[in-house]
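# A look at the structure
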Amino acid sequence: MAHRITALLKTGAALALAATTLVACDDTSSAGAQSVHAVGSSTVYPFAKLVAENFSRSFPDMRSPLIESTGTGNGIQLFCSGLGPNTPDMVNASRRMKPSEFDTCASNKVDEIIELQVGLDGIVFASAKGGIMLNLTPETVYKALAAQPYGKPQTAKTWKDVDPALPAEPILVYGPPSTSGTRDALKELILEAGCKADPAMKALKESDEDKYKQICTEVRDDGAYVDQGEQDNLIVQKIEGNPKVVGIFGYSYLEENLDKVQDLPMNGVLASYENIASFKYPGARPLYVYIKKQHMRAIPGLQDFIKEWAKSWGKDGPLAKIGMVAMPPEAMTANAAKVDTMPVLTKAELEAK
């Protein structure tokens, strides 16, 4: 009899817990303790923090949003893990969500996602103020950092080995990890662009796309490229302390540290606000946030927090003042409309890019 009572108590507790979880996920009356929770990109992190601070000033009775810097890849993984109070409401991303990640979300019932582009950024190559100066191209960077440049063994030790016009200084680059959206954008915008300079690589893409991706985007692991984790400020510190080192990070960190570091031009173009806004700079990229529409009713302030983003992303707005590059007017108008209508993202939209 005692065993049966214990079993019934356990069953009742489990049912109560399940009911609590469902209520917390979909009932605003019981979700008062919940604050907006966003994870993701280290590049977007300072912008999201500022939006959160302004939101808290506008809505002092609401709990302050919780913003975590986990990297884009890890952030999307957390976002797609499911619904409910133990999962993030939003993910900040320095690249667009992949169709495969969209499928993971859908498999975990995260099947109503809102996608907003919030601004632009540039992948910056920099060195210490007065340190090594390199005139880079995507091809130069690819030859220097690829594990197998054009399918051949990586033998370059110095920048001069890559390009006779560059100094005979050792190749040493501090950059983002594989989980970072900045790393993904580095692969797509710079490494792959440099790889495709060889006509044989274009042919390889048609015959064996997996092999093409490996050759064109895999980064060397012999110490010339150092994965510095999801801490762009740490990369700034590393290059500041060594005049022969190159760092890779987002434009806002360059602008914030112009007294310590200098921009290295790409194709002769500097990573300036104007050059990123016009996409003249090869490393220009859009920044995104993704929101769970299913959490809208459950999380007080989530919709107002999204509106705070739209109030902040203008060319003369608070985000521009800390290094975000404003979107072109047509993109700004389109995304402001999304804030009002909250359309659900489809896989076809991701695949059409």
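A brief report on the enclosed structure follows. Residue indices begin from 1 for each chain and proceed along its sequence in written order. Side-chain atom pairs in this predicted model are given and counted only at pLDDT of 80 or more, local residue features only at pLDDT of at least 70, and totals for whole chains, interfaces and linings cover all residues. With hydrogens and water excluded, all non-hydrogen atoms of the structure serve as input to the side-chain values.

### So, the state of the cysteines
Under the convention used in this document: Disulfides are defined as cysteine sulfur pairs within 2.5 Å. Under the DSSP-based scheme used, a helix requires at least four consecutive residues in state H or I and a strand at least two consecutive residues in state E, with every element numbered from the N terminus. Throughout this description, buried means an accessible area under 20% of the type-specific maximum (1.4 Å probe, protein chains only), exposed means over 50%, and partly exposed covers the range between.
Throughout the structure, instances matching the rule amount to two disulfides. Here C80 connects covalently by a disulfide to C105, the sulfurs 1.9 Å from one another. With the S-S dihedral at roughly -70°, the linkage between C80 and C105 falls on the left-handed side. A residue pair is termed long-range when its members are at least 10 positions apart, and C80 in the loop between α3 (72–79) and β3 (90–93) and C105 in helix α4 (residues 99–107) qualify at 25 residues. Judged by relative accessible area, which is 0%, C105 ranks as buried. The partner cysteine of C195 in its disulfide is C216, sulfur to sulfur 1.9 Å. Here C195 and C216 share a disulfide; its torsion about the S-S bond, -55°, makes the bridge left-handed.

### Notes on the pairing of strand β4 (residues 113–128)
So the rule is basically this: Whether two strands pair comes down to DSSP finding at least two bridges between them.
With 16 of 16 residues buried, β4 is to be regarded as a mostly interior element. Relative to strand β9 (residues 284–292), β4 is paired through nine bridges, and the arrangement is antiparallel. Within the sheet, the bridge partner assigned to Q117 lies in β9 and is Y288. For β4 and strand β8 (residues 261–263), the ladder comprises three bridges, and the chain directions are antiparallel.

### Comments concerning the environment of A326
We apply this condition: Whether two residues are in contact is decided by their heavy atoms, any of which lying within 4.5 Å being enough.
With respect to the helices and strands, the residue A326 is situated in the loop between α13 (302–312) and α14 (329–341). When its relative accessible area of 8% is taken as the criterion, A326 is described as buried. Taking the C-alpha atoms as reference points, A326 and L191, 135 residues apart in sequence, are found 25 Å from one another. For A326, the residues in contact, after removing those within four places along its chain, are L120, Y273, A277, W313, G314, K315 and M332.

### Topic: the pattern of salt bridges
The condition is simple: When a carboxyl oxygen of Asp or Glu lies within 4 Å of a side-chain nitrogen of Lys or Arg, that pair is called a salt bridge.
Scanning all chains against the criterion turns up 12 salt bridges. Note that R285 is salt-bridged to D121, the shortest N-O span being 2.7 Å. Of the two residues, R285 is situated in strand β9 and D121 in strand β4; the sequence distance between them amounts to 164 residues. Assigned by exposure class, R285 and D121 land together as buried. For K213, the salt bridge goes to E192, with nearest N and O atoms at 3.4 Å. With K213 in helix α9 (residues 209–217) and E192 in helix α7 (residues 181–195), this residue pair connects regions lying 21 residues apart in the sequence. By relative accessible area, K213 is classed as partly exposed at 36%. Relative accessible area serves as the criterion here: at 7%, E192 is assigned to the buried category. What emerges from the salt-bridge pattern is a single network uniting R95, E101 and D184.

### What to know about α3
Operational definition: Working note: the arc is built from the helix axis to C-beta atom directions.
Of all the residues in α3, the buried ones are T72, G73, G75, I76 and F79. Down the axis, α3 shows its buried residues gathered within 165° of arc, on one side only. Buried-residue contacts for α3 involve β1 (37–40), β3, α4, β4, α7 and β9.

### Overview of the packing of aromatic side chains
Put simply, the test is: When the centres of two rings from Phe, Tyr and Trp lie within 6.5 Å, Trp using its six-membered ring, the rings pair. Their planes under 30 degrees apart give stacked, over 60 give edge-to-face, and anything left gives tilted. When the NZ atom of lysine or the CZ atom of arginine is within 6 Å of a ring's centre and also within 35 degrees of its normal, the charge is said to sit over that ring.
All chains considered together, the criterion is met by four aromatic pairs. Aromatic pair F55 and F305: ring centres 5.7 Å apart, planes at 85°, arrangement edge-to-face. With F55 in helix α2 (residues 45–58) and F305 in helix α13, this residue pair connects regions lying 250 residues apart in the sequence. As far as the burial class goes, F55 and F305 line up, both buried. Counting every residue linked through ring pairs, the aromatic cluster contains F55, F59 and F305. Above the face of the F79 ring, K292 is positioned so that its terminal group lies 5.1 Å from the ring centre.

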